[in-house]
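Architecture and fold: a report
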Amino acid sequence: MRVARVEAIPYALPFRSPYATARGTLERRGMVLLRLRTDGGVEGLGEAVPLTLRGGAGIREIRAQIESAAERLHGLELATGDTEPLDVAIATMLELTRPRRLAAPALAALECALLDLAAKLAGKPLWQLLNADRAAPVKCNATLVAGEPALVAHDAKAWAAEGFATFKLKLGAGFDDVATVREVRDAVGSEARLRLDANQAWGVRDAISTLRELEPFDVELCEQPVEGLRAMARVARDVDIALAADEAVASEADAHRAVQRRACRFATAKLSKVGGIGGATTISRVLPTYLSSALDGPVGIAAAAHCAQVITPVDLAHGLATQRLFASSIAARECELGNGLLELPAGPGLGIELDDAALERHRI
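Note that the structure is a prediction, hence the values are computed from the model and not measured. (Residues numbered from 1 in each chain as written. Predicted model: local features only at pLDDT ≥ 70, side-chain atom pairs only at ≥ 80, totals over all residues. Heavy atoms only, no water.)

Re empty space enclosed by the protein
Applying the stated criterion to the full structure yields three cavities of 30 Å³ or more. There is about 70 Å³ of room inside the second largest cavity. Contributions of two or more residues to the lining of the second largest cavity are made by α3 (104–122), α10 (271–274) and α12 (298–307). Sorting elements by how many residues they give to the lining of the second largest cavity places α3 first, with three residues. (1 Å grid on protein atoms, 1.4 Å probe; cavity = no way out; pocket = protein on both sides within 12 Å on 5 of 7 lines; lining within 4 Å. Points joined across faces, edges and corners; volume = space filled by probe spheres on them. Helix = DSSP H or I, 4+ residues; strand = E, 2+ residues; numbered from the N terminus.)

Spelled out as structure tokens, the structure:
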């Protein structure tokens, strides 16, 4: 069986309401879907989410990188006798990336499509191909967009009514951060977990001052309050709230530097930030790690949910419930979200089935 067709399709999903953070506001999320099709009709799916709010490459560049690398997949022989499908996928990925430097979102899409294809050819769900013992529902946090404190608290109540017990608040966007945390805490009660994300919006002094003021609200952690590991280490020394690195940890080497500098207690890994499941797994061996969405589509969320089965366990909710933020989908079958848990779809590979008509409607 050979790879007979490769497609890199740019598309965008609209949000139910604008997605606002300290980094900016989005009306829709653009991404690139990768489809690998064999001459036997089996399809492998991958997805790249350009991290443009962080200054990363845009859709055109990411698509071009994927297409350039994927050209070498045409005609690739996948029937390899006794060779394990996972070994074939890993070897192929290494061959694709050896002569070129690819952005992390492109790497994530290529890795995911190859793993999805390998798992389908093996007749296994991806988590099983990755040697997880079982597939458990993934506990997720609610993601609250930045806004006026009363509106954020109202949004938190809606998420709580759907069974969420951990709430992620976007701070540093020009609203009253202390009032926001206070009102959300009042809205969801003392048992709920609150985590904060400032997206590097604060300076060191502001971060220390604000986090000290927020300590009475029993905050679980704060993601990336300042830019860079050195600045995070300075904040970590002076506050009691645990810090989690996001932008500052994108590789295993970054994770080791974070540990050496005592910059944070946790890391959060977005597959499009760290280059895929392999990157997230290696980071989790160095720092306690939970997964986050880069506002992925259904393919990226499914990949992260499979990844959650194999990374080093940590008692933290994952940030993978963002499909609730979108007004539509390109999938006929995807992960199901309910009672604060993300359930993997059944079937081999990722378990995702595309809705081709929906994909065409959302194509860029």
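Focus: unusual backbone geometry
With phi around 65°, Gln-200 is a residue other than glycine that occupies positive phi space. As for its position among the elements, Gln-200 is in the loop between β7 (193–197) and α7 (204–214).

Here we look at the pattern of salt bridges
If you walk through the whole model with that rule in mind, you get 20 salt bridges. Here Lys-139 and Asp-315 are joined by a salt bridge, their closest N and O atoms 3.6 Å apart. Pair noted here: Lys-139 is in strand β4 (residues 138–139) and Asp-315 is in the loop between α12 and β12 (331–333), with a separation of 176 residues, a long-range link. The class for Asp-315 is exposed, based on a relative accessible area of 53%. The residue Arg-324 makes a salt bridge to Glu-162 at a minimum N-O spacing of 3.0 Å. You can see Arg-324 sitting in the loop between α12 and β12 and its partner Glu-162 sitting in the loop between α5 (149–161) and β6 (166–170), a full 162 residues away along the chain. Here the residues in one salt-bridge network are Arg-5, Glu-7, Arg-35, Arg-37, Glu-43 and Asp-356, joined through shared partners. (Salt bridge = Lys/Arg side-chain N within 4 Å of Asp/Glu carboxyl O. Buried < 20%, exposed > 50% of the residue type's maximum accessible area, 1.4 Å probe, protein only.)

Some thoughts on the layout of surface pockets
Think of a ball as big as a water molecule: rolled over the atoms, this probe shows where empty space is left. Counted as a void, the second largest pocket has a volume near 350 Å³. What lines the second largest pocket is a set of 17 residues, and nearest its centre among them are Ala-136, Ala-308, Gln-309, Pro-313 and His-318. Its residues placed into classes, the lining of the second largest pocket shows nine nonpolar, four polar and four charged. (Nonpolar A, V, L, I, M, F, W, Y, C, P; charged D, E, K, R; others polar.)

Observations regarding a negative patch on the surface
The grouping of Glu-148, Asp-176, Glu-183, Asp-186 and Glu-213 at the surface amounts to a negative patch. Structurally, Glu-183 is set in helix α6 (residues 177–188). (Patch = residues over 30% accessible without salt bridge, like charges linked within 9 Å, V, L, I, M, F, W, Y side chains within 5 Å. Areas by Shrake-Rupley, 256 points an atom, 1.4 Å probe, with all protein chains shown as cover. Lys, Arg positive; Asp, Glu negative; His and termini not counted. Charge placed at Lys NZ, Arg CZ, Asp CG, Glu CD.)

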